[in-house]
Amino acid sequence: MSTPSVVKHSVCALDCPDTCSLLINVDEQGRGSRLRGNPDHPVTRGFLCGKVAKYLDREYSPDRLLYPQKRIGAKGEGKFARISWDEALDTIAARLQAAAAEFGSESILPYSYAGTMGLLNGSGMDRRFFHRLGASRLDRTICSSAGGEALTRSFGIRTTAEPEQFRHSKLIIAWGANVLTTNVHLWPFITEARRNGAKFYVIEPVKKKTGEVADRFFRIHPGTDLALALGMIHVILRENLQDQDYIDRYTNGFAELKSLAAKYTPEYVEGVTGIAREDVELLAREYATTRPAMIRANYGIQRSERGGAAIRAISALPALTGAWREIGGGLQMSTSGGFQFNRANLEMPELQQKSALGREARILNMSELGKVLTEVDNPPVKAMVVYNTNPAAIAPNLNLVRKGLSRPDLFTVVLEQFQTDTADYADVLLPATTFLEHTDLYLAYGHYHLQLARPALDAPGECKSNVEVFRLLAKRMGFDDACFDESEDSMIAGLLRSGHRYLDGITVERLDRERSIRLNIAPEGQPFLPFAEGGFTTRSGKFEFGAGELEYVPPVESRAGDAALRSRYPMELVSSKSHNSMNSTFGNKPDVDDETGFVAIHTADAEARQIRTGDVVRLFNDRGSVTLRAEVDGVVGPGVLYAPSVRWPKLSPGSGGGINTLTSDRLTDMGGGATFYSCLVQIEKCGD
Ligand SMILES: Nc1nc2c(c(=O)[nH]1)N[C@H]1C(S)=C(S)[C@@H](COP(=O)(O)OP(=O)(O)OC[C@H]3O[C@@H](n4cnc5c(=O)[nH]c(N)nc54)[C@H](O)[C@@H]3O)O[C@H]1N2
Ligand SMILES: Nc1nc2c(c(=O)[nH]1)N[C@H]1C(S)=C(S)[C@@H](COP(=O)(O)OP(=O)(O)OC[C@H]3O[C@@H](n4cnc5c(=O)[nH]c(N)nc54)[C@H](O)[C@@H]3O)O[C@H]1N2
Ligand code: SF4
Ligand SMILES: [Mo]
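Because the structure is predicted, anything quoted here is derived from the model rather than measured. (Residues numbered from 1 in each chain as written. Chains lettered and ligands numbered in written order. Predicted model: local features only at pLDDT ≥ 70, side-chain atom pairs only at ≥ 80, totals over all residues. Heavy atoms only, no water.)

S.K.: Where do I start with the pattern of salt bridges in this structure?
M.R.: Between side chains of opposite charge, a pair can form as their charged atoms come close. In total, this model carries 56 salt bridges according to the counting rule given. The shortest N-O distance in the salt bridge between arginine 306 and aspartate 669 comes to 3.1 Å. One end of the pair, arginine 306, is in the loop between β12 (293-297) and α15 (307-321); the other, aspartate 669, is in the loop between β26 (640-642) and β27 (680-685), with 363 residues separating them in the sequence. Arginine 306 gets classed as buried once you look at its relative accessible area, which sits at 15%. Given a relative accessible area of 29%, aspartate 669 falls into the partly exposed group. Measuring nitrogen to oxygen at the nearest pair gives 3.8 Å for the salt bridge that ties lysine 371 to glutamate 368. (Salt bridge = Lys/Arg side-chain N within 4 Å of Asp/Glu carboxyl O. Helix = DSSP H or I, 4+ residues; strand = E, 2+ residues; numbered from the N terminus. Buried < 20%, exposed > 50% of the residue type's maximum accessible area, 1.4 Å probe, protein only.)

S.K.: Even after reading the chapter, I still don't get the layout of surface pockets, so can you show me in this structure?
M.R.: Picture a little ball the size of a water molecule; that probe, rolled over the atoms, points out where space is still empty. Here the largest pocket defines a volume of roughly 1,100 Å³. Taken together, 34 residues make up the lining of the largest pocket; nearest its centre are Tyr113, Arg140, Ser144, Arg158 and Arg343. Considered class by class, the residues forming the lining of the largest pocket number twelve nonpolar, 14 polar and eight charged. Taken domain by domain, the lining of the largest pocket gets at least three of its residues from each of domain 1 (69-131 + 339-518) and domain 2 (146-336 + 529-549). Space inside the second largest pocket adds up to approximately 310 Å³. Taken together, 15 residues make up the lining of the second largest pocket; nearest its centre are Arg518, Pro523, Glu524, Gly525 and Gln526. Considered class by class, the residues forming the lining of the second largest pocket number five nonpolar, five polar and five charged. (1 Å grid on protein atoms, 1.4 Å probe; cavity = no way out; pocket = protein on both sides within 12 Å on 5 of 7 lines; lining within 4 Å. Points joined across faces, edges and corners; volume = space filled by probe spheres on them. Nonpolar A, V, L, I, M, F, W, Y, C, P; charged D, E, K, R; others polar. Domains from an automatic or database assignment.)

S.K.: Which parts of the structure should I look at to understand the packing of helix α13 (residues 266-273) against helix α14 (residues 277-289)?
M.R.: The description of two helices packed together rests on the angle between their axes and the distance between the axes. One way to put it is that α13 packs onto α14 with a least axis distance of 8 Å and a crossing angle of 110°. For the element pair α13 / α14, the angle class is roughly perpendicular. Between α13 and α14, the residues in contact are Pro266, Glu267, Val269 and Glu270 and Arg277, Val280 and Glu281, respectively. Of the residues in the contact of α13 with α14, the class split is three nonpolar, no polar and four charged. (Axes fitted to C-alpha atoms, helices over the stretch in contact; angles between N-to-C directions. Parallel < 35°, antiparallel > 145°, perpendicular 65-115°, else oblique. Contact = heavy atoms within 4.5 Å.)

S.K.: Sorry if this is basic, but what is going on with the confidence of the model for the chain here?
M.R.: Close reading of the predicted structure is inappropriate where its pLDDT is low. Confidence in the prediction of the chain, expressed as mean pLDDT, is 97, and 99% of residues score 70 or more. The least confident element of the chain is helix α24 (residues 590-595), whose mean pLDDT is 94; the most confident is strand β17 (residues 428-431), at 99. (pLDDT = per-residue confidence, 0-100.)

S.K.: Please clarify how empty space enclosed by the protein should be interpreted in this entry.
M.R.: Here the structure, examined in full by the defined rule, presents seven cavities of 30 Å³ or more. The computed volume of the second largest cavity comes to approximately 110 Å³. Along the wall of the second largest cavity there are 14 residues; nearest its centre are Cys12, Cys16, Asp18, Cys20 and Cys49.

S.K.: Any chance you could explain the site of ligand 2 here in plain terms?
M.R.: Close to ligand 2 lie 33 residues; Glu416, Ser575, Lys577, Ser584 and Thr585 are nearest. Separating a nitrogen atom of ligand 2 from a side-chain N or O atom of asparagine 388 is a distance of 3.1 Å. Isoleucine 394 is positioned with one of its backbone polar atoms (N or O) 2.9 Å from a nitrogen atom of ligand 2. For ligand 2, the accessible surface in isolation is 930 Å², of which the surrounding protein chains cover 97%. A per-class count over the shell around ligand 2 returns twelve nonpolar, 16 polar and five charged. Of the domains in this structure, domain 1 (69-131 + 339-518) and domain 3 (563-685) are the two that each give at least three residues to the shell around ligand 2. (Near = heavy atom within 4 Å. Polar contact = N/O pair within 3.5 Å; in protein donor to acceptor, adjacent residues only side chain to side chain. Areas by Shrake-Rupley, 256 points an atom, 1.4 Å probe, with all protein chains shown as cover.)

S.K.: Mind showing me how you'd approach unusual backbone geometry here?
M.R.: Most peptide bonds adopt trans geometry, and most residues besides glycine take a negative phi value. With an omega dihedral of -10°, the bond running from arginine 291 to proline 292 counts as a cis peptide bond. Within the element layout of this structure, proline 292 appears in the loop between α14 and β12. Positioned with a positive phi, threonine 19 is a non-glycine residue whose angle comes to about 35°. Residue placement: threonine 19 occurs in the loop between β1 (5-11) and β2 (21-27). The backbone of glutamine 610 shows a phi angle near 50°, a positive value even though the residue is not glycine. Along the polypeptide, glutamine 610 turns up in the loop between α25 (603-607) and β24 (616-620).

S.K.: Explain the sheet that holds strand β3 (residues 32-37) to me, please; I cannot follow it from the model alone.
M.R.: Taken in spatial order, the three strands make up an open sheet running β1-β2-β3, and their pairing is antiparallel. The open sheet terminates on both sides in strands that have one partner only, identified here as β1 and β3. Shown here is a sheet whose adjacent strand axes are inclined to one another by a mean of 25°, direction ignored. (Pairing = 2+ DSSP bridges.)

S.K.: Got a minute to help me understand the sheet that holds strand β16 (residues 411-416) in this structure?
M.R.: Two orientations exist for strands paired in a sheet by backbone hydrogen bonds: parallel and antiparallel. Strand order across the open sheet formed by six strands is β5-β4-β17-β16-β15-β6, with mixed pairing between neighbours. Unpaired on one side and paired on the other, β5 (80-82) and β6 (108-112) mark the two borders of the sheet. Pairs of neighbouring strands in the sheet enclose a mean axial angle of 20°, with direction left out of account. When β16 meets β17, the two strands line up parallel, connected through four bridges. Bridged to glutamate 416 within β17 is proline 431.

S.K.: Looking at this model, I keep getting lost on the pairing of β16. Mind explaining?
M.R.: Within a regular strand, side chains alternate between the sheet's two faces. Most of β16 sits inside the fold, with six of its six residues counted as buried. The side-chain alternation of β16 yields two buried faces, one formed by Phe411, Val413 and Leu415 and the other by Thr412, Val414 and Glu416.

S.K.: Hey, could you run me through the environment of phenylalanine 676 in this one?
M.R.: For phenylalanine 676, the position within the fold is in the loop between β26 and β27. For phenylalanine 676, a relative accessible area of 9% corresponds to the buried category. For the pair phenylalanine 676 and isoleucine 394, spaced 282 residues apart in sequence, the C-alpha to C-alpha distance is 9.8 Å. What phenylalanine 676 contacts, discounting residues up to four positions off in sequence, is Ile142, Arg303, Ile394, Ala395, Pro396, Leu573, Ser575, Asn660 and Thr663.

S.K.: I would appreciate a short explanation of the domain arrangement of the chain in the present structure.
M.R.: Accessible area lost on assembly of the parts is the figure often given for the size of an interface. Taken domain by domain, the chain holds domain 1 (69-131 + 339-518), domain 2 (146-336 + 529-549) and domain 3 (563-685). For domain 1 and domain 3, the distance between their C-alpha centroids amounts to 30 Å. Taken together, the contacts link 20 residues of domain 1 with 20 residues of domain 3. A buried area of about 1,600 Å², summed over both sides, lies between domain 1 and domain 3, and 51% of it is on carbon and sulfur atoms. Counting the contacts that link domain 1 with domain 3 gives two salt bridges. Note that aspartate 424 is salt-bridged to lysine 650, the shortest N-O span being 3.0 Å. The interface formed by domain 1 and domain 3 contains 13 residue pairs in polar contact (both at pLDDT 80 or more). Of all the elements in the fold, those that place two or more residues in the side of domain 1 that touches domain 3 are α18 (391-394) and α19 (398-405). The element best represented in the side of domain 1 that touches domain 3 is α19, accounting for four residues. (Buried area = accessible area lost by both parts, 1.4 Å probe.)

S.K.: Explanation requested: α15 in the structure shown.
M.R.: Given 3.6 residues per turn, any residue in an α-helix points the same way as the ones three and four places further on. With 15 residues, α15 ought to run about 21 Å at 1.5 Å a step, and its terminal C-alpha atoms sit 22 Å apart, in line with that. The buried fraction of α15 amounts to 15 of the 15 residues, a majority that puts the element mostly inside the structure. Taken from the residues just after α15, glycine 322 is the one with a positive phi, measuring 70°. (Expected span 1.5 Å × (residues − 1).)

Written out as structure tokens, the structure reads:
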């Protein structure tokens, strides 16, 4: 007998530009039976990606963590015993207090990222708690900080083109943006544009789903986008294709840019990027003469040593051609700058205690976690609270991270939904709710619709939201500040109270009614043209070309980089996103493990090493090694390897390598970002 069901709303909280509006059927017993994309949402448009369409499998998985536990085996071994919430909270409070008393509060480190993009559970009660505690602050650099900093330096505000306007474009360039995998809700707009005659080009080192269906695929050597952009600028200026009026009115530093670009001839750029000189010219000419022209840059480009400069040079292109003037022209990277919240109301930085050393709490870079746990002193990190992230899988230089996590004197708390590699290192492991089970407010980094989600399902077992856990911990620590009692709705109202015109008239009540509200970026029904008439918020009020930091220098870990390193490790490894997982989320599923278990290699490199498709191969460098299955095909060019990521290290064969045992913790040129895609390795066939 089927029970009647109601349809509830939710919002996908995964770290994805699309931030989908969801509908879920819930039966009388409160069980969710069907999840689908909201057909009325202007960007979700009634469909979901494959991984979240099946999210109820994850929601109801027998592997969900349901109770607090304490570790009873060695760190990393994964042996735990159930305890009560009381025991868990008492233990944590006592250990944090002891660390603070002996080593100072800066010996405590929060470690979190965007496992949920919800503002309350991602950067709300937790921030208040750690500020009040006087803990070290975390610089959250693992994903987008190089590109973010580049946009800030060039534009001021991080508002780029609206996805809905792509349908008007006549040329769309996906530049280091794997749209069909990581941003699938942009695709219908691109398809509509193509139906109306637009061309779609892809610039990438790896030919994936998106590259396969492009009108042209330009294979670029990893980490050389800066040189390509400068080459395009060279051609545009040589052929006088720029919009001089736009440049004169709205930009700063043009003369310096022109003189820098002079030496980036198509011939030189071909040598650096591997893209034929005629193609450099074609790209420049078509980009400058097709109207409207749109560039979609996602974050792939900026995960390399010169990633920040590359984004600045690419963002110079629409400023040179005036592409911003047109509907369907410009650049899309992040839209998050449109969400002008009052973050201080949420995070309450004023709660920060001066440390025992009399200074503001120090800031530690999350992309250097290995060093942070093994080298940082005065004080050393003695306690770490991990939530919304799985560093024992996703952080670079993973063997050093594991060395740190294994330290017997480090007290580690992990809030998780599943028994990840990181959970295996916890002293106390707490069961977390999923986004279907708690209230939160969501911005997006791929569109301009603000959304609210209420719990659609009951939390199983003894799972609690991050908000609730930090509330309880604050009480145990004896923090009696009223802010730890603030309700979720009041926290949301505080965020909305910024006085910024983009948020005018948006209230919790309206969000409850409408669920999703387009920011006031333009009058209703009108497209958002962020920079059609300038409007840059840099100090000069103009677009900043910043030529002084755009000279191309090859990444140390690249084919033109450090010669000694290259002689031992000649292959460039790109471990970019896989289709059916979200970083390491969903990594416990066998089909995802299979998808992240291979490495693509070019025929020439395979033949030189007697490697054939299906062979077991080892990738290694000075930092680590990993075992994968080889696939010899046309996905990568010579000298490049592609390993879809991120596989759960504990599911990897052998001693649990994990792709990030290979990646470097060197930082990007701007923003202190991670350089996952600047990584030299060697590959060999494993013994028969
Ligand atoms: N299915 C799926 N979706 C995801 C994710 C996922 O893991 N899986 N992750 C989410 C997250 S956290 C993020 S930040 C976004 C990221 O979204 P994207 O930025 O689109 O994803 P990436 O795979 O990092 O990079 C995009 C493409 O850039 C290519 N690339 C690598 N190096 C270079 C280079 O030097 N130059 C150029 N031109 N291209 C390069 C990669 O091969 C990749 O195909 O996606 C989100 N969505
Ligand atoms: N080699 C390589 N490494 C990479 C990348 C790559 O492309 N290649 N990408 C990098 C990038 S761009 C990013 S953003 C990072 C992402 O790395 P992470 O931030 O670690 O993201 P996930 O792997 O998705 O893990 C998120 C975890 O948060 C948990 N979680 C989800 N919601 C909640 C919640 O509400 N409460 C709590 N307590 N937990 C929750 C999930 O169960 C999951 O285990 O990885 C980086 N690492
Ligand atoms: S992961 Fe992205 S595409 Fe998939 S449902 Fe969530 S927001 Fe939508
Ligand atoms: Mo990311």
